[in-house]
Protein chains: 2
Amino acid sequence: MSENLFDALNPRERLLMGPGPSTVPARILKAIGSPTLGHLDPQYIEYMDQTCEMIRRVYQTQNPLTFPVSGTGMAGMETVVSNLLEQGDEAIVMINGVFGGRMKDMMQRCGATVHTVEVPWGDTFTLQHFEDAVKQFPAAKMLAVVHAETSTGALQDLAGVGDVVHQAGMLLAVDAVTSIGGHDLQVDQWGIDAIYSGTQKCLACPPGLSPVSFSAKAIEVIEARKAPCQSWYLDVSMLKNYYTGSGGRAYHHTAPINMVYALREALQIVLEEGLEQRFERHRQMHLLLRKGLEELGLQYIPKQSLHTLNCVSVPDVIDEAKVRQRLLHEFDIEIGGGLGVFAGKAWRIGLMGHSATEKNVTTLLAALKKCL
Amino acid sequence: MSENLFDALNPRERLLMGPGPSTVPARILKAIGSPTLGHLDPQYIEYMDQTCEMIRRVYQTQNPLTFPVSGTGMAGMETVVSNLLEQGDEAIVMINGVFGGRMKDMMQRCGATVHTVEVPWGDTFTLQHFEDAVKQFPAAKMLAVVHAETSTGALQDLAGVGDVVHQAGMLLAVDAVTSIGGHDLQVDQWGIDAIYSGTQKCLACPPGLSPVSFSAKAIEVIEARKAPCQSWYLDVSMLKNYYTGSGGRAYHHTAPINMVYALREALQIVLEEGLEQRFERHRQMHLLLRKGLEELGLQYIPKQSLHTLNCVSVPDVIDEAKVRQRLLHEFDIEIGGGLGVFAGKAWRIGLMGHSATEKNVTTLLAALKKCL
């Protein structure tokens, strides 16, 4: 590269139908470009409080400790894991794809002994799996499970899981990166003690923040830690003074102001549409896409598919990467390839937020047909 | 709060002359609102590579491992500390303000034994301090120091420090959050092995990313670790495959795409102006502001003041918070209060990036005069 400067920024307007980010609507792009306020400016604090309040509504929770972590979804995962676990703890993680495996890795980095319950990728867990797990590993402090496995497109039913986990005296932690704003997610009703997600999926916001929420019981566990959280940046015991401090907001780190603008706008859009209506739209678009994909001879991998992420097997005769490249270069449409054990063998087609419309489904199916 | 939605986002156009964020120019606000690409899109990868290349130019380094961490400056601090240190290590940290103290805290969370060398807040270290430190604590793996102490406005001279530290067989780690893009910063020339900074100060970009750079020797130390980095999100051994991977870019986490657009634009602006010219502009504006503040009877706290952050004592007779509130509410100008031991006793006035102009200095001085 020479000393010359680079060309002006001019990103193409892609239709993002992969595993995320999804297409960001103009209203949110406008919001993110609004004038930057100071992170202690009273107007910004008000916007931040409103953002936290709207995250609560979308998570369907009353948890006061609900806020956007200043990092992407993986930072949210680490916030949950590293605040709840410490050296010497035991934990259970249910693994049916990439993200359960990542939780295990993070838990081990916290010095925890990790017990895993695994089913084949694409499968989901029954209530019996959870009942057996807490019986088998009664000393575990928490059980973690992925609601929407972005690597396989599987939707985990969480009804009743909270009761099982709580009766065993454990906390329930949930990954909701690909479900927030696209699938019903009832944090309080389902007894979820700690949850994290991402902004760049069904909230249709750029990546960069991770909405999290902690129950009163989770906060008790955090307050009873023997050692401080091993991450300073993600230490909830300090962050809560900035996000919920009633006696003034203590500076911890400089919040990503403009990203919070974007998330606030994204949440407004979600609530304007209405949660029920939004979930139903995602369901309808999934049915439409599913019909089209099956007509093209493509089969869904998971038995219980997410509406928001559609993972289909690619027949051996098709060069999957080449098709994705053609979609990108000829049609400006992005879909995702397989991850982990499905690398080179699957497509992951996102129907998330602003991308989940009949127009987009129709466009994608027509373009895909041309490329097959 | 009711079920009603909140008002439309409409942040005031503040003149940001505090310790950061600084005022973001329209070009960067436009860039951050550009259409979101996928994080593995070839066009995005190219933008990211260009961004890393421009960070190298601003850091004046050839280090291949130079990239923006997906979090704010404090995430950059944690990236440096948690990758270089592990259980059982020893480290030295030079403390003359808030941020040295934070490094100590982070080092301890990594399980390191931390040796501190302290001078009063506002003072800086002489070469003798560094020579004594490495002699006194010869088993230390690294020595960390703050180039630009955001809490006191002190500028640390780093000439010769690298040699002292290297001769003792240690790594030199530097906090450059408030100097990058405003003060000369010669990573290679000064022998800095690991450095982090922020986007929201003299780069005039919104907060949300932390440019970091690691020398070959730092990478050797990382590769020789006994245990994995305790942070998964900030683990450089994995991140380097995404940022510098020659055999394709492995997915680690979803990069904050639009924040990277903003940083790319900010770096373009810095390089268009030219580093020397930019440093000189910050120096000139500091001299102008200093003259005005001293005419108002205000005294600088540090002997060696940053150009980019001007920290002055507030006389007891003045209610410092009230003055800041008047500046904010009557003039839409933000300046900072004191931090740590200077809380309630100092103002911190930023002259960073786009905020460091004669017009702004004149405006601030006139407004301040009215409020005193």
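Because the structure is predicted, anything quoted here is derived from the model rather than measured.

1. Remarks on the overall build of chain A
Helix and strand counts for chain A come out as twelve helices and 14 strands. Its C-alpha atoms give chain A a radius of gyration of 21 Å, within 12% of the compact-globule value 21 Å for 372 residues. Projecting the C-alpha coordinates of chain A onto the three principal axes gives extents of approximately 60 × 50 × 50 Å. In chain A, the share of contacts with a sequence separation of at least 24, taken over all contacts with a separation of at least 6, comes to 72%.

2. Some words on the pattern of salt bridges
Residues and elements named next belong to chain A. One pass over the full model with this rule turns up 38 salt bridges over all chains. A salt bridge links R109 to D105, with the nearest nitrogen and oxygen atoms 2.8 Å apart. Of this pair, R109 and D105 are both found in helix α4 (residues 98-109), four residues apart, which corresponds to roughly one turn of the helix. You can call D105 partly exposed: its relative accessible area is 25%.

3. Structural notes on the interface of chain A and chain B
Counting residues at the interface gives 78 residues for chain A and 78 residues for chain B. Counting across the chain A and chain B interface gives four salt bridges. Between D41(A) and R14(B) there is a salt bridge, with its nearest N and O atoms 2.6 Å apart. The tally of links from chain A across to chain B stands at 31 residue pairs in polar contact (both at pLDDT 80 or more). Secondary-structure elements contributing two or more residues to the side of chain A that touches chain B are α1 (26-32), α2 (42-59), α3 (73-84), α4, α9 (257-273) and α11 (320-331) of chain A. In terms of residues, the side of chain A that touches chain B owes the most to one element, α9(A), which gives nine residues. Residues belonging to the side of chain A that touches chain B are distributed by class as follows: 37 nonpolar, 24 polar and 17 charged.

4. Focus: the packing of aromatic side chains
Aromatic ring pairs are reported here in terms of the distance separating the ring centres and the angle at which the planes meet. Throughout the structure, instances matching the rule amount to ten aromatic pairs over all chains. Aromatic pair F67(A) and Y243(A): ring centres 4.6 Å apart, planes at 15°, arrangement stacked. Pair noted here: F67(A) is in strand β2 (residues 66-69) and Y243(A) is in helix α8 (residues 236-243), with a separation of 176 residues, a long-range link. Ring geometry for W121(B) against F342(B): centres 6.0 Å apart, planes inclined by 80°, an arrangement best described as edge-to-face. Highlighted residues: W121(B) in the loop between β4 (113-118) and α5 (127-136) and F342(B) in the loop between β13 (336-337) and β14 (346-350), separated in sequence by 221 residues. For W121(B), a relative accessible area of 25% corresponds to the partly exposed category.

5. A closer look at the pairing of strand β3 (residues 90-95) of chain A
Residues and elements named next belong to chain A. Burial runs high along β3: five of the six residues are buried. Where β3 lies against strand β4 (residues 113-118), six bridges are found, and the strand directions are parallel. Across the sheet, E90 pairs through a bridge with T113, a residue of β4. Crossover β3 to β4 through α4 is right-handed. Where β3 and strand β5 (residues 142-146) come together, three bridges link them in parallel fashion.

6. Thoughts on the sheet that holds strand β11 (residues 309-313) of chain A
All names here are of chain A. Pairing within the open sheet is antiparallel, and its three strands lie in the order β11-β14-β13. Because the sheet does not close on itself, it has two edges, and the strands there are β11 and β13 (336-337). Pairing of β11 with strand β14 (residues 346-350) involves five bridges; the strand directions are antiparallel. Directly across from V312, in β14, lies its bridge partner W347. The strands touched by α11 within the sheet are β13 and β14, with β14 carrying the most contacts at an inclination of about 30°.

7. A look at the nonpolar core
With 203 residues, the main nonpolar core has L143(A), F214(A), L143(B) and F214(B) as its most contacted residues. Discounting residues that sit within four places of it in the chain, F214(B) has contacts with N63(B), L65(B), T79(B), V80(B), D193(B), A194(B), I219(B), I222(B) and V236(B).

8. Points about the domain arrangement of chain A
All names here are of chain A. When cut into domains, chain A gives domain 1 (15-21 + 275-371) and domain 2 (26-270). Relative to domain 2, the C-alpha centre of domain 1 lies at a distance of 26 Å. Contacts between the two partners involve 25 residues from domain 1, matched on the other side by 30 residues from domain 2. Across the interface of domain 1 and domain 2, roughly 2,200 Å² is buried in total on both sides, 62% from carbon and sulfur atoms. In this assembly, domain 1 and domain 2 are joined by one salt bridge.

9. Thoughts on the sheet that holds β2(A)
Residue and element names in this part refer to chain A. One open sheet accounts for seven strands, arranged β2-β10-β9-β8-β5-β3-β4; its pairing is mixed. The sheet terminates laterally at β2 and β4, the two strands that pair on one side only. Strand-to-strand twist across the sheet, computed as the mean angle between neighbouring axes with direction ignored, equals 20°. Of the strands in this sheet, β3, β4, β5, β8 (171-175) and β9 (194-196) are in contact with α4, which crosses β3 at around 165°.

Analysis parameters
Residues numbered from 1 in each chain as written. Chains lettered and ligands numbered in written order. Predicted model: local features only at pLDDT ≥ 70, side-chain atom pairs only at ≥ 80, totals over all residues. Heavy atoms only, no water. Helix = DSSP H or I, 4+ residues; strand = E, 2+ residues; numbered from the N terminus. Rg over C-alpha atoms; globule rule 2.2 N^0.38 Å. Contact = heavy atoms within 4.5 Å. Salt bridge = Lys/Arg side-chain N within 4 Å of Asp/Glu carboxyl O. Buried < 20%, exposed > 50% of the residue type's maximum accessible area, 1.4 Å probe, protein only. Polar contact = N/O pair within 3.5 Å; in protein donor to acceptor, adjacent residues only side chain to side chain. Nonpolar A, V, L, I, M, F, W, Y, C, P; charged D, E, K, R; others polar. Phe/Tyr/Trp six-rings, centres within 6.5 Å; stacked < 30°, edge-to-face > 60°. Pairing = 2+ DSSP bridges. Right-handed = clockwise from strand over helix to strand, strands pointing away. Axes fitted to C-alpha atoms, helices over the stretch in contact; angles between N-to-C directions. Core = buried A, V, L, I, M, F, W, Y, C linked by side-chain atoms within 4.5 Å. Domains from an automatic or database assignment. Buried area = accessible area lost by both parts, 1.4 Å probe.

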